[in-house]
Number of protein chains: 2
Amino acid sequence: MTSHIHCQNCSMAPLCLPYLLNPEQIEQLDSIIQRHRPLQKRDLVIHSDDPAKFLYAVRSGSLKSYTLDSQGGEQIIDFHLPGDLIGFDGLIDGNYRSYTQALETTMLCEIPIQSLDQLSTELPGLRRQLLRVVSSELYSSKTLLGNLNHHSAQQRLAQFFVTLSSRFQQRGLSSREFRLSMTRADIGNYLGLSVETISRLLTQLQRDGLLQVQNKLVAIHAPERLRALAV
Amino acid sequence: MTSHIHCQNCSMAPLCLPYLLNPEQIEQLDSIIQRHRPLQKRDLVIHSDDPAKFLYAVRSGSLKSYTLDSQGGEQIIDFHLPGDLIGFDGLIDGNYRSYTQALETTMLCEIPIQSLDQLSTELPGLRRQLLRVVSSELYSSKTLLGNLNHHSAQQRLAQFFVTLSSRFQQRGLSSREFRLSMTRADIGNYLGLSVETISRLLTQLQRDGLLQVQNKLVAIHAPERLRALAV
DNA sequence: CGTCGCGTTGAATCGCGTCAACTTCGGTGG
DNA sequence: CCACCGAAGTTGACGCGATTCAACGCGACG
């Protein structure tokens, strides 16, 4: 029995599709959305080349998206937190172009693309928010690209933590202490750095008193200094 | 007198907003679009933080988009060719977040965001194409990120030429010979490499017979070998 | 003719990747 | 609950690829 889960009472709504809608409209949106069975760690939600029937919204947990290079290696292109929408690459030609995998136990909302399209005819706010979210992702992606291109390993990692921290804050969670659901290898892959470099930088940041790391747990001690590093 | 310029007879239409529209609908779209005065090299079309009233479509010429880092340095995030749409980052909160500058004499179509939004209520095809274009950009941006992260300087540059070449081909131009409207410094900035590295790689690719470069002119001699390099 | 932006080339440096050894964590089964 | 084993993480030594610094060539333009 999961009928108590609705957009109407979802704390991620302000970050998600309901943002520009009034209560009545949110109800309309909610009526086309299915709650997905919980995903376990390593479960694949989206498989590249599959027909794209749904967008997904993260309700709880976290995921990574990746493509495969010519040797079959993962190229991580995104980490998803609650409130994030997943599956936009399926809108290009009707098939997904990447894989999305749960990093921990995760709950998703399943949004049928076709119903969403129909509903967006009636609800200008929905249409705008959809475009707003994709544009925003596009912008983040481009600036991230610029940042990675022009910065050292330390700056990249600092930037990664600063961004992650602010995303947690947006979601009403602590920006100072959080758990990394991804491995060091995932972070390295995402930032274009080797696992060893990530590990070395972490001990270095810790030695310099910027943060503390214990396994997956991160406590940021000097956010302003970290932000200064990130440039 | 530029009244002969319309979406109806624009060769870039299949790449642009009209893609999913029938002739009558294209006419509706055309009626909200203004032709922009020609831009000269170095003219700024979009200034970061300005209110975003328009999207722009490139009719001819080319441009670069960039943000500024904390020291005021350019971070190039995109090169735009005919048929491309510009200005999506203005949809996030109503203000542009980057700069866009002409690399040569350039003609733009000016699309009022508000009218576009209204028209997209009536035209599902317009709505879908808009979302399609942004999603597609998003996907390119993410995979580019993955590519740059995981590849050597040579692979990056090869990838750059392969992509550029295929974009020219999509636009009905030669995929074998084209003119680079951007400088070596621009390319290096975009790919996260120094000018010197770009220069060295170009002479090397030329020495290996993959392509020929004379100033801005590029002739690709062995597209398949270039593609193999890009991986 | 001189200047300035752009591009090329060489030499020296260094940041990060690679390889390798070792430790710790976490899950699974007895 | 503990023993075990593979996955994940850490640390050190070494090498290489790309940056940096510097000098120079070339064409455009006043």
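What you see is a predicted model; the values in this text were computed from it and never measured. (Residues numbered from 1 in each chain as written. Chains lettered and ligands numbered in written order. Predicted model: local features only at pLDDT ≥ 70, side-chain atom pairs only at ≥ 80, totals over all residues. Heavy atoms only, no water.)

## Examining the protein's contact with DNA strand D
- The full set close to DNA strand D counts 16 residues, and A:Arg200, A:Thr203, B:Ala153, B:Thr197 and B:Arg200 are the nearest of them.
- Each atom of DNA strand D within 4 Å of the protein was assigned to sugar, phosphate or base; sugar and phosphate come to 58%.
- One of the backbone N or O atoms of A:Arg184 is found 3.0 Å from a phosphate oxygen in DNA strand D.
- B:Thr197 has a polar side-chain atom sitting 2.2 Å from a phosphate oxygen of DNA strand D. (Near = heavy atom within 4 Å. Polar contact = N/O pair within 3.5 Å; in protein donor to acceptor, adjacent residues only side chain to side chain.)

## Section: the sheet that holds strand S8 (residues 107–112) of chain A
All names here are of chain A.
- In spatial order, the strands read S1-S8-S3-S6; together these 4 strands make up an open sheet with antiparallel pairing. Looking at which strands have only one partner, the edges of the open sheet turn out to be strand S1 (34–35) and strand S6 (85–86).
- Pairing of strand S3 (residues 54–60) with S6 involves 2 bridges; the strand directions are antiparallel. Counterpart to tyrosine 56 in the pairing with S6 is isoleucine 86.
- Running at roughly 65° to S8, helix H2 (residues 113–122) makes contact with S3 and S8 of the sheet. (Pairing = 2+ DSSP bridges. Helix = DSSP H or I, 4+ residues; strand = E, 2+ residues; numbered from the N terminus. Contact = heavy atoms within 4.5 Å. Axes fitted to C-alpha atoms, helices over the stretch in contact; angles between N-to-C directions.)

## Comments concerning the pattern of salt bridges
Residue and element names in this part refer to chain A.
- As enumerated under the stated definition, the model contains 22 salt bridges over all chains in all.
- We note a salt bridge from arginine 171 to aspartate 84, for which the minimum N-O separation is 2.7 Å. One end of the pair, arginine 171, is in the loop between helix H4 (153–170) and strand S9 (177–179); the other, aspartate 84, is in the loop between strand S5 (74–80) and S6, with 87 residues separating them in the sequence.
- Taken together, the shared-partner salt bridges in this structure form one network comprising Lys64, Glu74 and Asp186. (Salt bridge = Lys/Arg side-chain N within 4 Å of Asp/Glu carboxyl O.)

## Focus: the side chain of B:Asn149
- The residue B:Asn149 is located in helix H3 (residues 124–150) in this model.
- At a separation of 2.7 Å, a polar atom in the side chain of B:Asn149 contacts the main-chain carbonyl oxygen of A:Tyr190.
- Not counting the four nearest positions on each side in its chain, B:Asn149 is found in contact with A:Leu148, A:Arg156, A:Asn189, A:Tyr190, A:Leu191 and A:Gly192.

## Some details on the protein's contact with DNA strand C
- Near DNA strand C lie 17 residues; those nearest to it are A:Ala153, A:Thr197, A:Arg200, B:Arg200 and B:Thr203.
- Near the protein, within 4 Å, the atoms of DNA strand C are sugar or phosphate in 61% of cases.
- A distance of 3.3 Å is found between a phosphate oxygen of DNA strand C and a backbone nitrogen or oxygen belonging to A:Gly192.
- One of the side-chain nitrogen or oxygen atoms of B:Ser199 is found 3.0 Å away from a phosphate oxygen of DNA strand C.
- Among the secondary structure elements, those contributing two or more residues to the surface near DNA strand C are helix H6 (195–207) of chain A together with helix H5 (184–191) and helix H6 (195–207) of chain B.
- A total of 4 residues in the surface near DNA strand C trace back to one element, the largest contributor, which is H6(B).

## Notes on the domain arrangement of chain A
All names here are of chain A.
- Segmenting chain A into domains produces domain 1 (7–137) and domain 2 (151–230).
- Here the C-alpha centre of domain 2 lies 26 Å away from the C-alpha centre of domain 1.
- Contacts between the two partners involve 16 residues from domain 1, matched on the other side by 13 residues from domain 2.
- When the buried area of domain 1 at its contact with domain 2 is split by residue, Ile76, Phe79 and Leu81 rank highest and sum to 48% of it.
- At the junction of domain 1 and domain 2, the tally comes to 4 salt bridges.
- Taken together, domain 1 and domain 2 are joined by 8 residue pairs in polar contact (both at pLDDT 80 or more).
- It is S5 that provides the largest number of residues to the side of domain 1 that touches domain 2, a total of 7 residues. (Domains from an automatic or database assignment. Buried area = accessible area lost by both parts, 1.4 Å probe.)

## Describing the environment of A:Asp30
All names here are of chain A.
- Relative to the helices and strands, aspartate 30 is located in helix H1 (residues 23–32).
- Separated by 23 residues in the primary sequence, aspartate 30 and cysteine 7 have C-alpha atoms spaced 5.7 Å apart.
- When residues no more than four places from it in sequence are discounted, the contact partners of aspartate 30 are His6, Cys7, Gln8 and Arg35.

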